[in-house]
Protein chains: 2
Amino acid sequence: MRDAINGYIDEHLDDYIDELSELLKIPTVSAQKRGIPETVEMVKAMLEKRGLTVQIYETAGNPVVVGRGSGKSDKTLMYYNHYDVQPAEPLELWTSPPFEPTIRDGKLYARGAGDDKGEFVSRLAALDAVLAANDGELPCNVIFVVEGEEEIGSPNLAPFVIDNADELACDACIWEFGGVDDKGHPTGYLGLRGALMVELFVKTMSQDAHSGNAHALPNAAWRLVRVLSSLKDEEEHILIEGFYDGIMTPSELDKELFEKLPDTESVVKERYDLKHFLNNLSGEGLKEAVFNPTCNIQGITTGYQAPGGKTVIPADASVKIDFRLVPGQSVDDIEQKLRAHLEKHGFGDVEVVRHGGIAPFKQDADNPFIQLVIDTAEEAFGKEMMIDPLIGGSGPIALFGETLDIPIGFAGVNYPDGKFHAPDENVVIDIFAMGCKHNAYILNRFAEA
Amino acid sequence: MRDAINGYIDEHLDDYIDELSELLKIPTVSAQKRGIPETVEMVKAMLEKRGLTVQIYETAGNPVVVGRGSGKSDKTLMYYNHYDVQPAEPLELWTSPPFEPTIRDGKLYARGAGDDKGEFVSRLAALDAVLAANDGELPCNVIFVVEGEEEIGSPNLAPFVIDNADELACDACIWEFGGVDDKGHPTGYLGLRGALMVELFVKTMSQDAHSGNAHALPNAAWRLVRVLSSLKDEEEHILIEGFYDGIMTPSELDKELFEKLPDTESVVKERYDLKHFLNNLSGEGLKEAVFNPTCNIQGITTGYQAPGGKTVIPADASVKIDFRLVPGQSVDDIEQKLRAHLEKHGFGDVEVVRHGGIAPFKQDADNPFIQLVIDTAEEAFGKEMMIDPLIGGSGPIALFGETLDIPIGFAGVNYPDGKFHAPDENVVIDIFAMGCKHNAYILNRFAEA
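So, a few notes on the structure that sits alongside this text.

Cut-offs applied
Residues numbered from 1 in each chain as written. Chains lettered and ligands numbered in written order. Predicted model: local features only at pLDDT ≥ 70, side-chain atom pairs only at ≥ 80, totals over all residues. Heavy atoms only, no water. Least-squares fit on C-alpha atoms with pLDDT ≥ 70 in both. Helix = DSSP H or I, 4+ residues; strand = E, 2+ residues; numbered from the N terminus. Buried < 20%, exposed > 50% of the residue type's maximum accessible area, 1.4 Å probe, protein only. Polar contact = N/O pair within 3.5 Å; in protein donor to acceptor, adjacent residues only side chain to side chain. Axes fitted to C-alpha atoms, helices over the stretch in contact; angles between N-to-C directions. Parallel < 35°, antiparallel > 145°, perpendicular 65-115°, else oblique. Left-handed = near helix turned anticlockwise from the far one by under 90°. Contact = heavy atoms within 4.5 Å. Nonpolar A, V, L, I, M, F, W, Y, C, P; charged D, E, K, R; others polar. Salt bridge = Lys/Arg side-chain N within 4 Å of Asp/Glu carboxyl O.

Focus on the relation of the copies chain A and chain B
Note on the copies: chain A fits chain B at an RMSD of 0.2 Å, the axial shift is 0.1 Å, and the rotation between them is 180 degrees. Seen this way, the second copy is the image of the first under a two-fold rotation axis. The position closest to the rotation axis in chain A is occupied by the C-alpha of V225(A), lying 2.8 Å away.

Structure follows, in C-alpha cells:
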C-alpha cells in the first residue's frame, strides 16, 4: 500500500505543483481584502474535483469552505487549513513576484507556497493517492475545513466551530501546518499554551497636571507601577491568588520528549544577545519552563513620550498584558482571579478590558492517533519525529481540540527556511512530496488507529 | 515723594500704554523665530531713551539686551525681563488680533501685554517716575537684563549669567513677573523648587521577541517596573540613599506665610476630580508639603501601544522622570545618588540621561530687600502682600539668586485672568499703573534698604 501511495505521489508530483501554482496566482490577502471570492470558488472546485460535497459557511468575515467525503469506516478525519495568505509587502525583496509562482533550485516560490496553500494541496494529493490505492473508495470519512481569516487572527472561527460543533464532529484533526526541522526530522506538537490578553487602565485625575504639584496630586504612571508590582515578584512568580491552582506539570513522557528536542540555547542567546535566560534557566529546565504560565507586559502607555522632558503628572496610564496559560488553567477563571487580585489589593478602580482569550491545549503522546502520526512521519521522512510537548505560543488549536474533543496531529510540508510571512516564501518540492506521503499514510491507516 | 511718583505715573499712563502698544505690535515669537532683530532694536532704543548704556550680548540663540544706568548710591538693582512672547495660536480664539493691541473695558489686549512686555514697560515707567521725582538723577545704579528666549526655556541664559557674573554683579533683582491674586492682594515668592530631569533606559535584549517565550526571555518593561519600584515606596517616600540629606524644612515664618495664603484645596480637588490628595494631605499640611522633594514619572515608553494587543516581549523600555528638589539639595548630588542607587540595587546596566537641571532657590522673608518689596507692595496696591514661601515648580531664578548671590523680589502688573500663553492675553490698565508705582517705590527707596 505504501508503494502504491509513493508511486502515485511521485508520478503526479508535477500535477500537484501545477495545481498549487494555480491557487497561488490568486493574491488571497485577507488583511487587504483581496481575492477572497475567487479563492473560495477555486477551493470549492478543488474539493469537488475529489468527489467531496462542499458547503460554504458564511461568517461575519470571510466564508469557511467545508468539504465532506464518506468512506468505508464510520470514523472521520478532519483537515484544518486556511486559504488566505499574508500580505506580500515589501515587494521589492522578492526575487520573483509573489503571485507568479516560480520554481528555482527545486523550490516553489510564492506567497502562500508554504503557508498555507501548499499544505492544503498536499492533503488533496494525499486524498487522491489514497483513493487510487483503495480502488476509488476512502477508508474513512473526511472533513476539510478551509477558513479565510487565519492570517488576521481567525476572528470568526470560534463562533463557526462552536455553532457547528455537531456538523463538525470527527475523531481527529490534522492541523494546518507541519514539516521538518533543521536536521530533516519531522516535527509535531502535543499542545499550545493558552492566552488571556488584557489591558489595564489607571486613571487618577480628570486631566494631566503640572509636575510642580507632584507632592500632592496622584500620578497614574506611579499607580500603574504599583499595580504591576503587585502582580509578579522579582523571581517571576505571579502573585495572583490561585493563579497556579491545578496546573499541569510535564509528565515523564513529556520530559523524555523534551530531552530529544535539539538544544537551541546558544542560538537563542546569540539571537537576542542574552547573558542568561530568566532565573538562569538552562538545559532541560529551560525546555520544561514552558510549563510555567507567564504574565508578560506587551506595552505601557502613559504621559509624555516625545523627545526631551515635559513637566507633567500623567492622569492616565495603561498596560497591555498577555498571560500565557498552561493546561489546567482557563481564560475566564484567570481573568476572574486577576480582577479579584486588583480588588483585594486596593486597585478596584483599575479598569480591565479583555482583548482576547485562547484556551490552552495539551494531549498525550500515547494517544493512538498521535502515535499513528508519529509512526507514519518516520516512514515518510525517514527520520524520527521530534515532538514538542508544549509550545510557548498560543493558537486556535484548542478551539478544535477542546470543542470537538479530538486529538490533533501535525503532518506538513514546511521547513525552517520556508520564509513564512516574509519575502521569498517557498516550499522544497522534495519535502512537499514527503508531506503528501505522510498525509496519505495517515489517511490510509486512520480507520484502524 | 510717593505723591510725586503717583502723580507722574497717573499723568503719563496713556504714554506708557502707547509705548507698550508699539512694542506689542512686533510678533516676537521665539518659538517661531519671528521678530527678534526688530524687537532687540526697539528694546535697545527704549532703554537708551532713559539714558541707559546698552550692550547687546550675543548668545547661541537670541541676544540678551543689557542696559546700565548709574545713580547716587553705589548699590545696584537688577531687572530681569524677556522680550520674547508665546506663539499666538490658535488665532481664531482672539477677540482682536494678537499683534494689534486693543483696549476694551479698561484692559489692554495683545500677546505679551502681560508676559512680559507689559512688565518690562512698567519698569521703564517706574524709572522715569523716579528720575522725575529726583531731579533727573537715579538714587542707585540699575541693570536691565532683557533676554529673548524665556518662552522656549531660556536655553542660553545659564552660560550668559555664569560667563558674565562679574559684569552682572548687583545687590538685588526684580523678577520678570508679579501682580495680584484673585482678591487683589499683591503676590510674591520666597523660592522655587529645583528640578533634575532624567530619562532611564532599560535594554534586556537586542530585539523584541514573541511573548510565547516570556517564561525564558527578559522583558524590559518588567525590569523598568522593578527599577521604578526601587525608587519610591507606596507612601511616596523616595528610597534613594541620602536623598533627603540636609533638606530645608519650613521655618516658623514660612508656616505663618503659608497660613495667610488662600485655601485652594476644594478648587484643585474639583479641577482634577480628586477624592483626596496624595497621602490624604489637607490644610496646612498640604501647603507645607511643597517642602517635600518629589520623584515624578513624566512618561513611560515601552512595547506595543497601538489598539488591541501584540504578542511581544519588549526589549527596550524607558521612563522620563523629574525630581523636584528643595533647598538643601543639589542637582549634581541627586543625580549621583540616583546612579549609586541603581548600581547598588543591581540596575547598573540602566542608562541614565540627564535632560536638564535647575537648582532650588529659597530666601528669607526677613531679608531687608524682600521687606522693602513687601512694604511698598501694600503701599502701591492698598492690600497686604501674600508671600508663598516655596513654589512647587522650578525656574531659572536660582541662576540669578545663587550665581549672583542676591535676593529676588516680585513686583508686577499681572492678575489671575491675564490669560498668559492663551488667546486674549491682557493687562488691566489700573493694575498696570499700580505695578508701575510699586516698582517706582522700590527703586526710589532701594539705596536705603
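Observations concerning the side chain of R111(B)
Residues and elements named next belong to chain B. With respect to the element layout, R111 can be found in the loop between β5 (107-109) and α3 (117-133). With relative accessibility at 0%, the residue R111 sits in the buried group. One polar contact links the side chain of R111 to the main-chain carbonyl oxygen of Q86, over a distance of 3.1 Å.

Considerations on the packing of helix α10 (residues 368-381) of chain A against helix α12 (residues 429-445) of chain A
Between two packed helices, what matters for the description is the angle formed by their axes and the separation of those axes. Residues and elements named next belong to chain A. Interhelical geometry of α10 versus α12 gives an angle of 140 degrees and a closest axis separation of 9 Å. Considering the angle they form, α10 stands oblique to α12. Considering only the axes of α10 and α12, their crossing is right-handed. The residues of α12 that touch α10, namely those facing F369, L372, V373, D375, T376, A377, E379, A380 and F381, are I431, M434, G435, K437, H438, Y441, I442 and R445. In terms of residue class, the contact of α10 with α12 is built from 10 nonpolar, three polar and four charged.

What to know about the packing of helix α1 (residues 2-24) of chain A against α12(A)
Residue and element names in this part refer to chain A. Relative orientation of the contacting elements α1 and α12 amounts to 130 degrees, with a least axis distance of 9 Å. One element, α1, and the other, α12, form an angle in the oblique class. The interaxial crossing formed by α1 with α12 has right-handed handedness. Taken together, the residues of α12 that come into contact with α1 (itself represented by R2, I5, N6, I9, D10, L13, Y16, I17 and L20) are I429, F432, A433, C436, K437, A440, Y441 and N444. Split into classes, the residues belonging to the contact of α1 with α12 amount to 12 nonpolar, two polar and three charged.

A closer look at the pattern of salt bridges
In total, this model carries 54 salt bridges over all chains according to the counting rule given. Note that E48(B) is salt-bridged to K44(B), the shortest N-O span being 3.2 Å. Residue E48(B) and its partner K44(B) are located together in helix α2 (residues 36-49), separated by four residues, close to a single helical turn. Look at E48(B) and you get partly exposed, because its relative accessible area is 36%. Where salt bridges share partners, they join E19(A), K49(A), R50(A) and D128(A) into one cluster.

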